[in-house]
Amino acid sequence: MLFLITTKLIWRSYILPISIMKCNLFIYTVLFLVFAACESHPSEEKSENSTFIEITMEQFQSQNMQWGKLQSILMENSIICTGKLIPKKNGVAKIVAPVEGIIKVIHVQNGTQVKKNDVIVEIGGHSLIDLQHEYAASAAKLKQLKSEYIRLKALYKENIKTENEFLMAESNYKANQANYMALKAKLNNMGLSVEDIEKGNYVSTYKLRSPIDGQINNLRATQGQYVSFSNEVAEVQNPNEIQLELKLYDKNFSNIAIGQEVKFKTNDKNESFSMARITRVGKTIDPQSNSFTCYGDIKNKNVENILVNQWVNAEVITSQDSVWGVTQSAIISNGNDDYVLAKSKEENNVIFLEKIKVQIGKTDGSYVELINPPKEKDYIVKGLYNISIE
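Presented here is an overview of the structure given in this document. (Residues numbered from 1 in each chain as written. Predicted model: local features only at pLDDT ≥ 70, side-chain atom pairs only at ≥ 80, totals over all residues. Heavy atoms only, no water.)

**Quick notes on the pattern of salt bridges**
Okay, so step 1: Evaluation of the coordinates by the stated rule reveals 14 salt bridges.
Okay, so step 2: With a shortest N-O distance of 2.6 Å, K69 and D378 are connected by a salt bridge. With K69 in the loop between β2 (66-68) and β3 (71-87) and D378 in the loop between β21 (367-370) and β22 (379-382), this pair connects stretches of sequence that are 309 residues apart.
Okay, so step 3: We classify K69 as partly exposed; its relative accessible area is 44%.
Okay, so step 4: Among the salt bridges present, the one from E261 reaches K299, with a minimum N-O distance of 3.1 Å. One end of the pair, E261, is in strand β13 (residues 261-265); the other, K299, is in the loop between β15 (291-298) and β16 (311-327), and 38 residues separate them in sequence.
Okay, so step 5: Its relative accessible area of 25% is what places E261 among the partly exposed residues.
Okay, so step 6: Classification of K299 as exposed rests on a relative accessible area of 51%.
Okay, so step 7: What emerges from the salt-bridge pattern is a single network uniting K94, R220, E232 and E235. (Salt bridge = Lys/Arg side-chain N within 4 Å of Asp/Glu carboxyl O. Helix = DSSP H or I, 4+ residues; strand = E, 2+ residues; numbered from the N terminus. Buried < 20%, exposed > 50% of the residue type's maximum accessible area, 1.4 Å probe, protein only.)

Okay, here's the thing in structure tokens:
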């Protein structure tokens, strides 16, 4: 009994205070950790800041970076095809000799720019002399036959000459008149003076002239060369009378219409696009290539860079959509993902950039469509080549 009383006294006087002290120490420890955690809360901002990409203003300026916003861009839906630059019906002319002869003088060479009626070559020879002689003889004979025809016609009316005699005179006159008119037309087409020829003033050469403005191509003339009406002496092509011929697959027929715009260029990567407008659409399918043909008038063409029968790459613009997008230079890629860098804030000469993952839609030249991007932010649209986003 005495032992129990003694034990209680010891517990109350010594062990109990020790337990209370330990309990208080535990409470103090917990409170310290709580306060420490509260005091360390600002470190979350630092952790959050660590997700930003930081660049200095000096970097921004030295690398020629630029800010930009999303833009409303017209994106084109188009059909890609091949085409060819061909002359219109009045854009090319073949030069041939109407009368055979020998080439005496050549006034041009391949590539020479000529105007309508400029002389290409001069041709002479026996055939030219014979033609002038035949015309002069026909003109002289026509005068004689006409006089005879008028005389017999008057005598026939007075019943002095028979009808057969009158009809014979009329027939001879009209036959010679037809021959005379044919020779005269031929000489006029050659540019010769029939009045001078009737007076006996013959020329030794006639001139082949260009029927259109243009450039000399395929010159096949050599001085002293014999040519006939079956020989092509040269070709003149007018670069201002060129049209675009397009070949498209039959599956695209329903998407092509007159008035649609066409962009085209040659294989030269540095060449800018030229524009055309579809004016005719063919209604026949080529069974070998399963394609149809359409034609377009060229709107803005650089005559110096156009070659007749040159192949081009073309896009027929079938529709346009207004989308939100940025320039290609605003996109930075990491693996299979694409990002833009948006301005979050600027402090102490440091710019904090937010990396935003984007989904790219259509592309058109130097612009790309962004699917549902934040529209109110400022993006770096130029100078991203030295920024790492890993």
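Anyway, onward from the coordinates.
**Overview of the environment of V358**
Okay, so step 1: Secondary-structure assignment places V358 in strand β19 (residues 350-358).
Okay, so step 2: Of the residues examined, V358 reaches a relative accessible area of 12% and is grouped as buried.
Okay, so step 3: C-alpha of V358 to C-alpha of N372: the two residues are 14 residues apart in sequence and 8.2 Å apart in space.
Okay, so step 4: Look past the residues within four positions of V358 in its chain and what remains in contact with it is I331, D338, Y339, V340 and L370. (Contact = heavy atoms within 4.5 Å.)

**Some remarks on the sheet that holds strand β7 (residues 119-124)**
Okay, so step 1: Taking strand neighbours across the sheet as the criterion, the four strands line up as β8-β7-β5-β10 in an open arrangement whose pairing is antiparallel. The outermost strands of the open sheet, each flanked by one partner alone, are β8 (205-209) and β10 (226-227).
Okay, so step 2: Inspection of the sheet shows strand β5 (residues 101-106) paired to β7 by four bridges, in the antiparallel sense. Each bridged residue has a counterpart across the sheet, and for I102 the counterpart in β7 is G124. (Pairing = 2+ DSSP bridges.)

**Quick notes on the sheet that holds strand β6 (residues 113-114)**
Okay, so step 1: Here we have four strands laid out as an open sheet, ordered β4-β11-β9-β6, and antiparallel in their pairing. Both edges of this open sheet fall to β4 (92-96) and β6, since each of them pairs with a single strand only.
Okay, so step 2: One ladder, built from three bridges, connects strand β9 (residues 214-217) with strand β11 (residues 232-237); its direction is antiparallel. When the sheet's bridge partners are listed, Q215 is paired in β11 with Q237.

**Some remarks on the environment of S228**
Okay, so step 1: Mapped onto the fold, S228 is located in the loop between β10 and β11.
Okay, so step 2: Note on S228: relative accessible area 11%, which makes it buried.
Okay, so step 3: Separated by 2.9 Å, the side chains of S228 and S230 make a polar contact. (Polar contact = N/O pair within 3.5 Å; in protein donor to acceptor, adjacent residues only side chain to side chain.)

**Regarding helix α5 (residues 163-189)**
Okay, so step 1: With 27 residues, α5 ought to run about 39 Å at 1.5 Å a step, and its terminal C-alpha atoms sit 39 Å apart, in line with that.
Okay, so step 2: Inspection of α5 places F166, A169, E170, Y173, N176, Y180, L183 and L187 among the buried residues, and these make up the whole buried set.
Okay, so step 3: In the core, the buried residues of α5 are packed alongside α4 (126-157) and α6 (194-198). (Expected span 1.5 Å × (residues − 1).)

**Focus on α4**
Okay, so step 1: End to end, α4 covers 46 Å across 32 residues, agreeing with the expected 46 Å (1.5 Å per residue, within 8%).
Okay, so step 2: If you check which residues of α4 are buried, you get L128, L131, Q132, Y135, A136, S138, A139, L142, L145, Y149, L152 and L155.
Okay, so step 3: In this fold, the buried residues of α4 make contact with β7, α5, α6 and β8.
Okay, so step 4: After α4 finishes, the residue N159 shows a positive phi value of roughly 65 degrees.

**Overview of the packing of α4 against α5**
Okay, so step 1: It is the contact of α4 with α5, at a shortest axis distance of 8 Å, that shows an interaxial angle of 150 degrees. Classified by the angle their axes make, α4 and α5 are roughly antiparallel. Viewed along their axes, α4 and α5 form a crossing whose handedness is left-handed.
Okay, so step 2: Among the residues forming the contact of α4 with α5, the class breakdown is 14 nonpolar, six polar and nine charged. (Axes fitted to C-alpha atoms, helices over the stretch in contact; angles between N-to-C directions. Parallel < 35°, antiparallel > 145°, perpendicular 65-115°, else oblique. Left-handed = near helix turned anticlockwise from the far one by under 90°. Nonpolar A, V, L, I, M, F, W, Y, C, P; charged D, E, K, R; others polar.)

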